[in-house]
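Each chain, written out:
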Amino acid sequence: MTTDKKLSGAGLRGQVAGQTSLCTVGTQGSGLNYRGYDVDDLADNCIFEEVAHLILKGHLPTQTELDSYRAKLSGLRELPAALKAALELIPADAHPMDVMRTGVSMLGNLEQETSFEQQGDRVDRILALLPAMVVYWYRFAKDGTRTSTDTGAATIGGHFLHMLHGEKPSELHEQVMNVSLILYAEHEFNASTFNGRVAASTLTDIHSVITGAIGTLRGPLHGGANEAAMEMIEQWSSADEAEAAILNKLANKELIMGFGHAVYKERDPRNAIIKKWSEKLAQEVGDEVLYPVSVRCEEVMKREKGMFCNADFFHASAYNFMGIPTGLFTPIFVMSRITGWAAHAFEQRANNRIIRPSAEYTGPEHRKVEPIAERG
């Protein structure tokens, strides 16, 4: 007689749930690699479209391949009329993550994936449209503006900022957006990616895979830490005030978002990268509050709890310095992580077996149904 091996660790911590050639977390180089390339190296030397090509198509593009890929994505930015109409029906007080979830689901009705041979083109279309989905809704809901998607921007990050602000972004802002999108592009079997792989293992369509992943990222324990961090740090007018408030929160055992990580134990390699860019943006705008407050929070959490900032914490100030509304922080994550989600779906489809784990039963022992007159 054989019995299934019982898995230990709440939330499947430390359990291997599959294989991937896409990413390593916490084991090589700085701690995060995409297909063997260190994220530090990629952030220093690539634009996001190069990394998207790497993750989705398996290799860094040549100049000719990059030019072709950028031209393809630029040509896919126009929102279908029916999708615009649907976005205009979404209430102004909706969560932007719900808008993106609905947008991808609607697109799946308009441009169905009827064969897995279409998966690459369908994902490129989603990748190209995600900035327009959320910004078109945001601008329409805010002031009735039907924003044009014809920005002529060379990058997805630049396109997002141009649509949002109605003008071409500065070189610095576009560069920071490229770095940010690279840092969020892929992260192994996190909750939203695992959700996507489970969905993909049923051989459902790619729009359903991505919709489910967005819904998972919408949960505050997975996405939204940068939004929560922003809502916290913008309350304080000085680093000293921030330190006192953090100490009070710790004394009251309050959860402080943007610190610690389920996999990294000593540092999140993405934090040092985005922190550097947040400092540059702070200098550009003459900030003397938000960045110092963020640094002091980092110092206090390290000193008092031995906890480090994750990628989300300094993203909050970086996005704020670029004039991005707090509610759009997590949707930027989606614009990037679509690459990782889709590549995992491709990987699952290529060597598939439906994901169906077992559960440890903790309910009552076997019992019989009593006559209704005898119950009570």
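Note: the structure precedes this text.
Residues numbered from 1 in each chain as written. Predicted model: local features only at pLDDT ≥ 70, side-chain atom pairs only at ≥ 80, totals over all residues. Heavy atoms only, no water.

### Side note on the overall build of the chain
Here's step 1: Scanning the chain from N- to C-terminus turns up 16 helices and 3 strands.
Here's step 2: Taken over the C-alpha trace, the chain has a radius of gyration of 22 Å; the compact-globule value for 376 residues is 21 Å, and the two agree within 12%.
Here's step 3: Over its C-alpha atoms, taken along the principal directions, the chain stretches across nearly 75 × 55 × 50 Å.
Here's step 4: Relative to its full complement of 376 residues, the chain shows a buried share of 50%.
Here's step 5: Taking all contacts inside the chain whose residues are at least 6 apart in sequence as the whole, residues at least 24 apart take part in 75%.
Here's step 6: A total of about 18100 Å² of accessible surface is found on the chain, and carbon and sulfur atoms cover 49% of it.
Here's step 7: In the chain, 37 positive and 48 negative side-chain charges are present, and the distance between their average locations comes to 6 Å. (Helix = DSSP H or I, 4+ residues; strand = E, 2+ residues; numbered from the N terminus. Rg over C-alpha atoms; globule rule 2.2 N^0.38 Å. Buried < 20%, exposed > 50% of the residue type's maximum accessible area, 1.4 Å probe, protein only. Contact = heavy atoms within 4.5 Å. Areas by Shrake-Rupley, 256 points an atom, 1.4 Å probe, with all protein chains shown as cover. Lys, Arg positive; Asp, Glu negative; His and termini not counted. Charge placed at Lys NZ, Arg CZ, Asp CG, Glu CD.)

### Observations concerning the sheet that holds strand β3 (residues 37-38)
Here's step 1: Spatially, β1-β2-β3 is the arrangement adopted by the 3 strands of the open sheet, whose pairing is antiparallel. Edge positions in the open sheet fall to β1 (23-25) and β3, since each of these has one partner strand only.
Here's step 2: Sheet analysis places β1 next to strand β2 (residues 32-34), joined by 3 bridges and oriented antiparallel. Bridge pairing in β2 links Thr-24 to Asn-33. (Pairing = 2+ DSSP bridges.)

### Examining the side chain of Ser-180
Here's step 1: By the element assignment, Ser-180 lies in helix α8 (residues 171-183).
Here's step 2: Here Tyr-319 takes part through its side chain, which lies 2.5 Å from a polar atom of the side chain of Ser-180.
Here's step 3: Discounting residues that sit within four places of it in the chain, Ser-180 has contacts with His-315, Tyr-319 and Ile-332. (Polar contact = N/O pair within 3.5 Å; in protein donor to acceptor, adjacent residues only side chain to side chain.)

### Re the environment of Asn-178
Here's step 1: Relative to the helices and strands, Asn-178 is located in helix α8.
Here's step 2: When its relative accessible area of 6% is taken as the criterion, Asn-178 is described as buried.
Here's step 3: Expressed as a C-alpha distance, the spacing of Asn-178 and Ala-200, which sit 22 residues apart in the sequence, is 28 Å.
Here's step 4: Filtering out sequence-adjacent residues up to four positions away, Asn-178 remains in contact with Ile-47, Phe-48, Glu-49 and Thr-155.
Here's step 5: Within the structure, the side chain of Asn-178 is placed 2.8 Å from the backbone nitrogen of Phe-48, a separation counted as a polar contact.

### Observations concerning the nonpolar core
Here's step 1: Tyr-34, Phe-160, Ile-233 and Ile-324 are the most contacted members of the largest nonpolar core, which totals 109 residues.
Here's step 2: Here this core gets 13 residues from one element, more than from any other, and that element is helix α6 (residues 119-143).
Here's step 3: Residues in contact with Phe-160, not counting those within four places in the same chain, are Pro-131, Val-134, Val-135, Met-177, Ile-324, Leu-328, Ile-332 and Met-335. (Core = buried A, V, L, I, M, F, W, Y, C linked by side-chain atoms within 4.5 Å.)

### Here's the deal with the pattern of salt bridges
Here's step 1: Tallying each qualifying case throughout the model produces 19 salt bridges.
Here's step 2: Glu-88 serves as the salt-bridge partner of Arg-146, at 2.8 Å between the closest nitrogen and oxygen. Note that Arg-146 is positioned in the loop between α6 and α7 (156-165) and Glu-88 in helix α4 (residues 81-89), a separation of 58 residues in sequence.
Here's step 3: One salt-bridge network, held together by shared partners, links Asp-240, Glu-243, Arg-296, Glu-299, Arg-303 and Glu-304. (Salt bridge = Lys/Arg side-chain N within 4 Å of Asp/Glu carboxyl O.)

### Quick word on helix α5 (residues 96-110)
Here's step 1: The end-to-end C-alpha distance of α5 is 21 Å, a good match for the 21 Å that 15 residues give at a rise of 1.5 Å each.
Here's step 2: For α5, the complete set of buried residues consists of Pro-96, Met-97, Asp-98, Val-99, Met-100, Gly-103, Val-104, Leu-107 and Gly-108. (Expected span 1.5 Å × (residues − 1).)

### Some points on the packing of aromatic side chains
Here's step 1: Here the structure, examined in full by the defined rule, presents 7 aromatic pairs.
Here's step 2: Here Tyr-291 and Phe-314 contribute two aromatic rings whose centre-to-centre distance is 5.9 Å and whose plane-to-plane angle is 55°, an arrangement assigned as tilted. Residue Tyr-291 is found in helix α14 (residues 290-305), and its partner Phe-314 is found in helix α15 (residues 311-321); the two are separated by 23 residues along the sequence.
Here's step 3: For Tyr-291, a relative accessible area of 12% corresponds to the buried category.
Here's step 4: Measuring from ring centre to ring centre gives 5.5 Å for Phe-313 and Phe-314, while their planes differ by 85°; the resulting arrangement is edge-to-face.
Here's step 5: These aromatic residues form a ring-pair network of at least three members: Phe-259, Tyr-291, Phe-313 and Phe-314.
Here's step 6: In this arrangement the basic side chain of Lys-280 is found over the ring face of Trp-277, its NZ or CZ atom lying 4.2 Å from the centre.
Here's step 7: For the cation-ring pair, Arg-349 lies above Phe-116, with the distance from its terminal atom to the ring centre recorded as 3.8 Å. (Phe/Tyr/Trp six-rings, centres within 6.5 Å; stacked < 30°, edge-to-face > 60°. Lys NZ or Arg CZ within 6 Å of the ring centre and 35° of its normal.)

### Some points on unusual backbone geometry
Here's step 1: In this structure, Arg-35 is a non-glycine residue whose phi angle is positive, near 50°.
Here's step 2: On the secondary structure map, Arg-35 appears in the loop between β2 and β3.
Here's step 3: The phi torsion at Leu-203 lies on the positive side, around 70°, for a residue other than glycine.
Here's step 4: Summarising the element assignment, Leu-203 is placed in the loop between α9 (191-201) and α10 (206-217).
Here's step 5: Leu-203 sits in the partly exposed class, given a relative accessible area of 46%.

### Topic: the packing of helix α11 (residues 225-233) against α15
Here's step 1: Two elements in contact, α11 and α15, have axes separated by 8 Å at closest approach and are oriented at 70°. With respect to each other, α11 and α15 are oriented roughly perpendicular. For the element pair α11 and α15, the recorded crossing hand is right-handed. Here Ala-225, Asn-226, Ala-229, Met-230, Met-232 and Ile-233 of α11 come into contact with α15, specifically with Asp-312, Phe-313, His-315, Ala-316, Tyr-319 and Asn-320.
Here's step 2: The residue makeup of the contact of α11 with α15, split by class, is 8 nonpolar, 3 polar and 1 charged. (Axes fitted to C-alpha atoms, helices over the stretch in contact; angles between N-to-C directions. Parallel < 35°, antiparallel > 145°, perpendicular 65-115°, else oblique. Left-handed = near helix turned anticlockwise from the far one by under 90°. Nonpolar A, V, L, I, M, F, W, Y, C, P; charged D, E, K, R; others polar.)

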